[in-house]
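Overview (structure and organization)
Each chain is listed here by its residues.
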Amino acid sequence: MPVLSIDTLLNSLPDLRRVHLVLTYLLHFYVHSQAVPPSPRTIPLPIPPSISIPLLAVCPLLGLPPILTYADTVLYNTHPANPSQPPSFQKNPYVKALVTFTNTPDEAHFYLASTRCEFAGVHALSIMRASLDEAFMADSLSLTRLTGYLEELATVIDHIGDAILDMRNGCDPAVFYHLIRPWFKGGDSDGPNSAGWAFLGVDDVTATDLSAAAEHDQTSASTTQVKGRKFSGPSAGQSTLIHAIDVFLTVDHTPKEEGATAEETFMTRMLMYMPAPHRAFLQHLGQVPHPIRDLVSANRTTRPALVQAYDHALEALQRLREKHMRIATQYIIQQARRPPTAELIAMGAQPTPGASAAPSADGQTHVKLMASSLSEIIRDEERLRQEQDGDAEVRGTGGTALIKFLKMCRDNTVGAKLSV
């Protein structure tokens, strides 16, 4: 295909976003329509110039890497019923996904459920701004108001968690795992030794300068002259909203020592998959002169209600992460242990080598999952992994060992609480 010019689109932010969305969907269509190799690739998969040249031209203007991101699948890809009017949960809900890989209602619902999580969190940003204003004053009346804001934030975080659980009301777990999720895989999908993708038609310096810090692993398994780029696919970890709540409440996910694992560096790496203004916002939020946690801690003996409200917000964030872990378990961990059904294979799912097609789903998985405690789910997953293959980790589209990473985030949230 010819290399099309995007010169006429460079002065419009909506056009730039659309260019990135279209080209990255084409990129993933191209990559994952290749014949599946019997073993991991040893040389980078070449990306034709018709995709790579315009894509790498637009990426620096948005601050995004050359791969499909959460911004593309969710923020730029969904519309309310009436796009000319402000969205509303009741009067103008998000109902349309513009682009999908599978043309299934399940995939559209997956994107829309994520959008509704973002929309549910809009009020959280207003609460943060008002809270920081009160923290600047820090008088008796301000501390009283701050207590109320933190309790209100806990309620909003619970609403976000409920929106996460809405995933179950329109997206079948087996359809998601076997038909939808494979399209999301990035250049690091084979793990640390992935060969990556080689963007042809541009010099390697250009590709490196884009977002080298976004790569899962900057070493290449290839011995060729062409550098394989190892960017990760779209992930909920690229949501600026959840990062903002962490920063606001001072939940620390930074590695505690040298030689950090991929799970410990994941949150920092995901910043490079957000639009540049989102990263700037998080940086600004992290540098406020009067952090909420410091103010609450300084008043912990004189204002126990303030400490309790702060911990209530953290407990709500813990509940949100546990809800996310349940969805991840149902949609990824459990599905990874089961071959696709014959119906899914007929729709395009890849058969599991050496396994017979699974029987049609009977709905019992959901009942069992919700009846189990989260600790039982985690324990069962760790036991299965040890029994089947001690090194086999079910990984998220961001390249991390999924349950290990989500459990780490949950534990960091619990560890931030101030009351004993």
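Refer to the structure presented above.
Residues numbered from 1 in each chain as written. Predicted model: local features only at pLDDT ≥ 70, side-chain atom pairs only at ≥ 80, totals over all residues. Heavy atoms only, no water.

Let us look at the overall build of the chain. Looking only at helices and strands, one finds 17 helices and 4 strands in the chain. In the chain, which comprises 420 residues, the share counted as buried stands at 49%. A sequence separation of at least 24 residues applies to 77% of the contacts in the chain between residues at least 6 apart. Summed over its atoms, the accessible surface of the chain is roughly 19800 Å², and 55% of this surface lies on carbon and sulfur atoms. (Helix = DSSP H or I, 4+ residues; strand = E, 2+ residues; numbered from the N terminus. Buried < 20%, exposed > 50% of the residue type's maximum accessible area, 1.4 Å probe, protein only. Contact = heavy atoms within 4.5 Å. Areas by Shrake-Rupley, 256 points an atom, 1.4 Å probe, with all protein chains shown as cover.)

Bringing helix α2 (residues 49-62) into the picture now. Taking 1.5 Å per residue as the helical rise, α2 with its 14 residues ought to reach 20 Å, and the 20 Å between its terminal C-alpha atoms agrees with that figure. Largest kink in α2: about 25°, centred on L56, with the proline P60 one to four residues after it. For α2, every residue scored as buried is listed here: S50, I51, S52, P54, L55, L56, V58, C59 and L62. Taken from the residues just after α2, G63 is the one with a positive phi, measuring 75°. (Expected span 1.5 Å × (residues − 1). Bend = angle between axes of the 7 residues up to and from the residue.)

Attention shifts here to the side chain of T73. As for its placement among the helices and strands, T73 is situated in helix α3 (residues 70-75). Residue class for T73 comes out buried when judged on its relative accessible area of 4%. Every residue in contact with T73, bar those within four places of it in the chain, is listed here: Y25, L68, Y111 and P234.

Let us now look at the packing of helix α4 (residues 105-120) against helix α6 (residues 140-165). The N-to-C vectors of α4 and α6 enclose an angle of 175°; their axes lie 8 Å apart at closest approach. Regarding the angle of α4 to α6, the classification is roughly antiparallel. Residues A113, R116, C117 and A120 of α4 lie in contact with α6, whose contacting residues are V156, H159, I160, A163 and I164. Taken together, the residues of the contact of α4 with α6 sort by class into 7 nonpolar, 1 polar and 1 charged. (Axes fitted to C-alpha atoms, helices over the stretch in contact; angles between N-to-C directions. Parallel < 35°, antiparallel > 145°, perpendicular 65-115°, else oblique. Nonpolar A, V, L, I, M, F, W, Y, C, P; charged D, E, K, R; others polar.)

The contact between helix α5 (residues 122-137) and helix α9 (residues 240-249) brings their axes to 11 Å, and the two run at 20°. Classified by the interaxial angle, the pair formed by α5 and α9 is roughly parallel. Pair α5 / α9 crosses with left-handed handedness. Residues M128, S131 and L132 of α5 touch α9, and the partners they reach there are A244, I245 and F248. Its residues assigned to classes, the contact of α5 with α9 comprises 5 nonpolar, 1 polar and no charged. (Left-handed = near helix turned anticlockwise from the far one by under 90°.)

This paragraph deals with the environment of R229. Note on placement: R229 falls in the loop between α8 (204-211) and α9. Accessibility expressed as a relative area gives 3% for R229, which makes it buried.

Our focus in this paragraph is unusual backbone geometry. Positive phi, normally seen in glycine, also occurs at N103, with a value near 60°. Tracing the sequence through the fold places N103 in the loop between β3 (94-97) and α4. The class for N103 is exposed, based on a relative accessible area of 71%. The backbone phi angle of A138 is positive, close to 60°, even though this residue is not glycine.

Applying the stated criterion across every chain yields a total of 9 salt bridges. As a salt-bridge pair, K323 and D162 come within 3.0 Å of each other at their nearest N and O atoms. Here D162 lies in helix α6 and K323 lies in helix α13 (residues 304-336), a separation of 161 residues in the sequence. The exposure class of K323 is buried, given its relative accessible area of 16%. The class of D162 is partly exposed, set by a relative accessible area of 42%. R410 is paired through a salt bridge with D411; the nearest N and O atoms lie 3.0 Å apart. R410 gets classed as buried once you look at its relative accessible area, which sits at 13%. Overlapping salt bridges bring together E322, K407, R410 and D411 as one network. (Salt bridge = Lys/Arg side-chain N within 4 Å of Asp/Glu carboxyl O.)

This brings us to the packing of aromatic side chains. Scanning all chains against the criterion turns up 13 aromatic pairs. Ring plane angle 65° and centroid distance 4.9 Å describe the contact between F29 and F101, whose orientation is recorded as edge-to-face. Within this pair, whereas F29 is found in helix α1 (residues 13-32), its partner F101 is found in the loop between β3 and α4, the two being separated by 72 residues in sequence. F29 gets classed as partly exposed once you look at its relative accessible area, which sits at 28%. Members of the aromatic cluster, connected to one another through ring pairs, are Y25, F29, F101, F110, Y111, F176, W183, F184 and Y331. (Phe/Tyr/Trp six-rings, centres within 6.5 Å; stacked < 30°, edge-to-face > 60°.)

This part covers the nonpolar core. Counting 101 residues, the largest nonpolar core has L150 and L249 as the members making the most contacts within it. Tallying contributions element by element places α13 first for this core, with 15 residues. (Core = buried A, V, L, I, M, F, W, Y, C linked by side-chain atoms within 4.5 Å.)

Everything listed is a geometric property; what it means functionally is a separate question.
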